[in-house]
Amino acid sequence: MLQELHIENIAIIDRLTLEFSDGFNCLTGETGAGKSIIIDAINLITGGRAPKETVRTGCASAEVTAVFTDLSPSVVRISEAAGVAPDEDGCLVISRSVTADGRSKCRVNGCAVSVSVLKQIGTALVNIHGQNDSANLLSPERHVDYIDAVADDAAEYSAYREAYRTVTELTARIDELSSGEAERLRRVDMLRFAADEIEQANIAPGEYDSLTTKRDICVNSEKLSDDLTEASDALDGSDAGSAVDMLRKAIDSLTGDEDVIPELKDVLSSLNDIYYDLLDQTETVKSLRDRVSFSPEELDEIEDRISLIRSLEKKYGGSEEAVLDYLKKAKDELEKIDHADELLEELNAKFKPALDEARHRARELSEKRRAAAKVFSERIRSTLEYLEMPGVEFSVRRTATALTPRGIDDMEFFISANKGQEPAPLAKIASGGELSRIMLAIKSVLAADDDIGTLIFDEIDTGVSGRAAGKIALKMGDIARERQVLCVTHLAQIASAADRHFYISKSDENGRTSAKAEVLDGDERVKETARLIAGLNITPAALKTAEEMINAAKRG
């Protein structure tokens with residue numbers, strides 16, 4: 001159950017803390033006081049959307065914190081799988097903050113989690129009925145979801161989806177290989193031309209850089225030759241004044257003097273090292289001088305090769321490696337095309353068994369759905385009669401379809417609210433009050449088959465009054481005996497049946513509107529219930545009726 005909810009800086013809520021009972025909780029108050037904002041906050045804490053407009057104007061961020069206790073086995077399993085096990089008291093403390101620029105942070109028992117993980121946990125904790133649920137009820141394509149929810153068909157649905165995925169993948173591959181012959185031949189010609197062009201070029205990784213270096217040498221060969229010759233002569237030329245000769249002469253002059261001046265030993269050692277290193281470098285310069293030559297023919301060959309590599313890179317990739325990778329992929333595709341007929345025959349051989357398996361799995365899923373639809377229809381009809389729709393007929397009509405991602409069933413709810421009236425599609429004939437009762441009936445049926453601890457109804461009483469409103473209150477009371485119920489309502493019948501009654505109001509303080517909540521008891525609760533009955537003009541009769549309704553609900 002949701003034990004406590006703390007809200008800061010959301011819409012018109014500055015700071016608000018609510019402590020809920022484990023039974024039936026209701027929220028009442030004037031329109032716009034902030035009741036639905038509280039439901040929005042619970043939606044946030046269970047993984048719902050967090051638009052930046054959520055944050056109260058002028059605030060940097062908003063935050064919601066909720067404490068959940070008495071966790072179901074499903075919640076424990078999901079939270080442990082996410083690495084956020086309940087604390088030592090068996091609780092989950094969930095917090096979520098939203099900044100003014102739309103960034104969101106989620107924590108469960110102090111551990112950071114993603115919104116998707118929060119949604120998995122939240123879906124097992126809370127079920128919120130809002131406007132989207134009513135829209136789904138009016139969308140026939142979503143009706144099969146309700147049947148799946150009670151059909152216990154998860155295993156059959158999973159097996160069907162896997163079989164259907166296999167069929168769609170085989171179909172795509174077969175269609176790809178069976179595409180027009182002219183297109184295939186065109187593709188083969190293009191790939192073979194590319195492969196031949198790249199193979200004939202016989203390029204290698206790094207070749208372009210090597211060629212540009214050679215080209216630069218060729219273009220500058222005359223100057224380079226002169227420079228290297230001059231350097232070679234200076235280092236070890238025929239003249240006695242070369243660097244090698246002069247260094248040799250210096251060493252010879254000092255040799256023997258180290259006996260007189262000991263410090264010369266280190267000097268001579270260093271000079272000898274320099275001398276031999278200078279000989280090595282001189283040989284390198286001479287070798288480079290001998291290699292530098294200028295040939296117009298060689299330069300033309302280099303330029304042609306560079307141009308070829310550039311052309312290939314422009315066509316097939318931005319580097320030698322990319323061109324060679326294109327060659328490999330082209331060869332692989334050509335091999336596949338060459339073996340296309342063989343592969344096509346193999347895929348066709350697999351297709352029929354896969355299709356038979358998908359149809360078999362679809363029939364198994366459909367059987368589960370049809371059996372569940374009969375039970376579902378009767379349970380909904382019975383609940384609707386209890387909710388003051390005597391003589392109602394409710395059924396689920398199935399239309400067989402071809403294989404689709406969801407099976408072979410189109411299911412739609414049909415209803416006749418009056419005796420003698422032919423059942424018609426729910427989406428076409430149900431009134432607002434009827435939709436409210438149908439949704440409550442569906443929620444109560446679904447609740448009997450799951451272990452979600454908290455059900456929230458945001459104005460499910462739309463279009464309902466009188467005896468029907470009283471029956472809705474009783475039905476919510478029945479549900480609240482098994483799990484926690486939160487309900488936003490404008491009906492005295494529902495408010496009077498609650499175990500805990502919150503009154504939501506708003507006021508202006510320091511030029512800003514803020515919402516607040518208070519738990520009503522005694523005279524205050526009677527007064528608010530009377531307001532729901534009579535509006536602003538609360539009469540003694542309304543107060544008496546309100547008190548009688550509250551007392552009758554307590555006697556239950």
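Our structure's up above, just so we're on the same page.
Only a predicted model underlies this, so the values are computations on that prediction, with no experimental measurement involved.

**Observations concerning the overall build of the protein chain**
And step 1. Scanning the protein chain for helices and strands turns up 20 helices and 15 strands.
And step 2. Relative to a compact globule of 556 residues, whose C-alpha radius of gyration would be 24 Å, the protein chain shows 42 Å and is clearly more extended.
And step 3. Projected onto the principal axes, the alpha-carbon positions of the protein chain cover approximately 130 × 75 × 45 Å.
And step 4. Taken over 556 residues, the protein chain has a buried fraction of 42%.
And step 5. Within the protein chain, residue pairs in contact and separated by at least 24 positions form 70% of the contacts whose partners lie at least 6 positions apart.

**What about the sheet that holds strand 10 (residues 407–416)?**
And step 1. If you trace the 3 strands from one edge of the open sheet to the other, you get 9-10-11, paired in antiparallel fashion. The open sheet has two free edges, formed respectively by strand 9 (393–404) and strand 11 (424–425), since each of these has just one partner strand.
And step 2. Bridge count for strand 10 against strand 11 is 2 bridges, and the pairing is antiparallel. Looking at the pairing, I415 lines up with A424 of strand 11.
And step 3. The strands that helix 5 (residues 143–151) touches are strand 9 and strand 10; relative to strand 10, the one it contacts most, it runs at about 100 degrees.

**A look at the pairing of strand 4 (residues 61–68)**
And step 1. Bridging between strand 1 (residues 2–10) and strand 4 involves 6 bridges; their strand directions are antiparallel. Along strand 4, the bridge assignment pairs I7 with V64.
And step 2. As paired strands, strand 4 and strand 5 (residues 92–99) are joined by 8 bridges and run antiparallel to one another. Among the inter-strand pairings, S61 is bridged to a residue of strand 5, identified as T99.

**Re the environment of S104**
And step 1. Among the structural elements, S104 can be located in strand 6 (residues 104–108).
And step 2. Residue classification places S104 among the partly exposed residues on the basis of a relative accessible area of 30%.
And step 3. Distance from S104 to R49, taken between C-alpha atoms, is 9.8 Å for residues 55 residues apart in sequence.
And step 4. Leaving out residues up to four positions away in the same chain, S104 has contacts with R96, S97 and V98.
And step 5. Looking at S104, its side chain comes within polar contact range of the side chain of R96, at 2.9 Å.

**Concerning unusual backbone geometry**
And step 1. Residues other than glycine seldom take positive phi values, yet N202 does so here, at roughly 55 degrees.
And step 2. Tracing the backbone through its elements, the reader meets N202 in the loop between helix 7 (181–201) and helix 8 (207–219).
And step 3. If you check the backbone angles, E388 has positive phi at about 65 degrees while not being a glycine.
And step 4. Within the secondary structure, E388 sits in the loop between helix 14 (340–386) and strand 9.

**A look at the environment of M246**
And step 1. By the secondary structure assignment, M246 is in helix 10 (residues 243–254).
And step 2. Sequence separation between M246 and M1 is 245 residues; the distance between their C-alpha atoms is 98 Å.

**Focus: the nonpolar core**
And step 1. By size, the foremost hydrophobic cluster in this structure holds 52 residues, and its most contacted members are L137, F376, L384, F394, F413, I442 and M476.
And step 2. No other element matches the 9 residues that helix 16 (residues 432–447) contributes to this core.
And step 3. If you look at the next biggest cluster of nonpolar residues, it comprises 44 residues, including I7, A62, V98 and L125.

**Brief notes about the packing of aromatic side chains**
And step 1. Evaluated as defined, the whole model comprises 8 aromatic pairs.
And step 2. An aromatic cluster of at least three residues, connected via ring pairs, comprises Y146, F376, F394 and F413.
And step 3. In this structure, R369 packs its charged tip against the face of Y157, placed 5.1 Å from the ring centre.
And step 4. The side chain of R397 reaches across the aromatic face of F414, ending 4.1 Å from its centre.

**Remarks on helix 1 (residues 35–45)**
And step 1. Most of helix 1 is tucked away, with 8 of its 11 residues classed as buried.
And step 2. When helix 1 is considered as a whole, its buried residues turn out to be K35, I37, I38, I39, A41, I42, L44 and I45.
And step 3. G47 lies just past helix 1 and shows a positive phi near 100 degrees.

**Observations concerning the pattern of salt bridges**
And step 1. Enumeration according to the criterion identifies 30 salt bridges in this entry.
And step 2. We note a salt bridge from E162 to R165, for which the minimum N-O separation is 2.4 Å. Taken as a pair, E162 and R165 lie in helix 6 (residues 154–177) at a separation of 3 residues, close to a single helical turn.
And step 3. On the accessibility criterion, E162 (41% relative accessible area) is partly exposed.
And step 4. As a salt-bridge pair, D478 and R481 come within 2.3 Å of each other at their nearest N and O atoms.

**With respect to the sheet that holds strand 8 (residues 126–129)**
In a beta sheet, neighbouring strands are held together by backbone hydrogen bonds and run either parallel or antiparallel to one another.
And step 1. If you trace the 6 strands from one edge of the open sheet to the other, you get 8-12-13-3-14-15, paired in mixed fashion. Edge positions in the sheet fall to strand 8 and strand 15 (512–520), since each of these pairs with one other strand and no more. Each strand axis lies, on average, 20 degrees off the axis of its neighbour in the sheet, ignoring direction.
And step 2. With 4 bridges connecting them, strand 3 (residues 24–28) and strand 14 (residues 500–509) associate as parallel partners.

**Remarks on the environment of L440**
And step 1. Mapped onto the fold, L440 is located in helix 16.
And step 2. With 35 residues separating them along the chain, L440 and K475 place their C-alpha atoms 8.4 Å apart.
And step 3. In this structure, L440 is in contact with L387, F457, I460, I472, K475, M476 and I479, ignoring residues within four places of it in sequence.

**With respect to a negative patch on the surface**
And step 1. On the surface, E297, E298, D300, E301 and D304 cluster together into a patch of negative charge.
And step 2. If you trace the backbone, E301 turns up in helix 12 (residues 296–316).

**Some points on the packing of helix 5 against helix 16**
And step 1. Where helix 5 meets helix 16, the closest approach of the two axes is 10 Å, and the angle between their N-to-C directions is 25 degrees. It follows from the interaxial angle that helix 5 and helix 16 lie roughly parallel. Residue-level contacts link Y146, A149 and V150 of helix 5 to M439, I442, V445 and L446 of helix 16.
And step 2. Among the residues forming the contact of helix 5 with helix 16, the class breakdown is 7 nonpolar, no polar and no charged.

**Observations concerning helix 2 (residues 73–81)**
And step 1. Turning to helix 2, its buried residues are S74, V75 and S79. The arc that holds the buried residues of helix 2, viewed along the axis, is 120 degrees, so those residues lie on one side. Turned more than 90 degrees away from the buried face of helix 2, the exposed residues are P73, R77 and A81.
And step 2. One or two steps after helix 2, the chain reaches G83, where phi turns positive at roughly 80 degrees.

Conventions used here
- All residue numbers refer to position in the chain's written sequence, counted from 1.
- Residue-level local features of this predicted model are given only where pLDDT is at least 70; pairs of side-chain atoms are given and counted only at 80 or more, and the full residue set underlies all totals for whole chains, interfaces and linings.
- As a rule here, side-chain values cover all heavy atoms of the structure and leave hydrogens and water aside.
- Segments assigned H or I by DSSP are reported as helices when at least four residues long, segments assigned E as strands when at least two residues long, and all are numbered from the N terminus.
- The size measure is the radius of gyration over C-alpha atoms, and the globule rule it meets is 2.2 Å times the number of residues to the 0.38 power.
- Relative accessibility thresholds used throughout: buried, under 20% of the residue-type maximum; exposed, over 50%; partly exposed, between the two (1.4 Å probe, protein chains only).
- Any pair of residues with heavy atoms lying within 4.5 Å of one another is described as a contacting pair.
- Two strands qualify as a pair provided DSSP detects at least 2 bridges between them.
- Axes, fitted as lines to C-alpha atoms, cover a helix only where it is in contact. Angles between the N-to-C directions of the axes lie from 0 to 180 degrees.
- Counted as a polar contact is a pair of N or O atoms within 3.5 Å, where, for protein atoms, one must be capable of donating a hydrogen and the other of accepting one, and residues adjacent in sequence contribute only when both atoms are in side chains.
- By nonpolar core is meant a set of buried Ala, Val, Leu, Ile, Met, Phe, Trp, Tyr and Cys residues that side-chain atoms within 4.5 Å join together.
- Stacked, tilted and edge-to-face pairs are distinguished by plane angle, under 30 degrees for stacked and over 60 for edge-to-face with tilted covering the rest, among Phe, Tyr and Trp rings (Trp via its six-membered ring) whose centres lie within 6.5 Å.
- Criterion for a charge above a ring: Arg CZ or Lys NZ at most 6 Å from the ring centre, at most 35 degrees from the ring normal.
- Should a side-chain nitrogen of Lys or Arg be within 4 Å of a carboxyl oxygen of Asp or Glu, the pair is scored as a salt bridge.
- Put simply, a patch holds well-exposed residues, over 30% relative accessible area, that have no salt bridge, with like charges counted together within 9 Å and Val, Leu, Ile, Met, Phe, Trp or Tyr side chains within 5 Å.
- What sets the accessible areas is the Shrake-Rupley method with a 1.4 Å probe; for residues, cover comes only from the shown protein chains.
- Charge assignment in this entry is limited to Lys and Arg as positive and Asp and Glu as negative, and neither His nor the chain termini are counted.
- For the purpose of locating charges, the reference atoms are NZ of Lys, CZ of Arg, CG of Asp and CD of Glu.
- Oblique is the label for every angle not falling under 35 degrees (roughly parallel), over 145 degrees (roughly antiparallel), or within 65 to 115 degrees (roughly perpendicular).
- For this scheme, ten residues count as nonpolar: Ala, Val, Leu, Ile, Met, Phe, Trp, Tyr, Cys and Pro. Four count as charged, namely Asp, Glu, Lys and Arg, and the remainder, Gly too, count as polar.
- The arc refers to the directions leading from the helix axis to the C-beta atoms.

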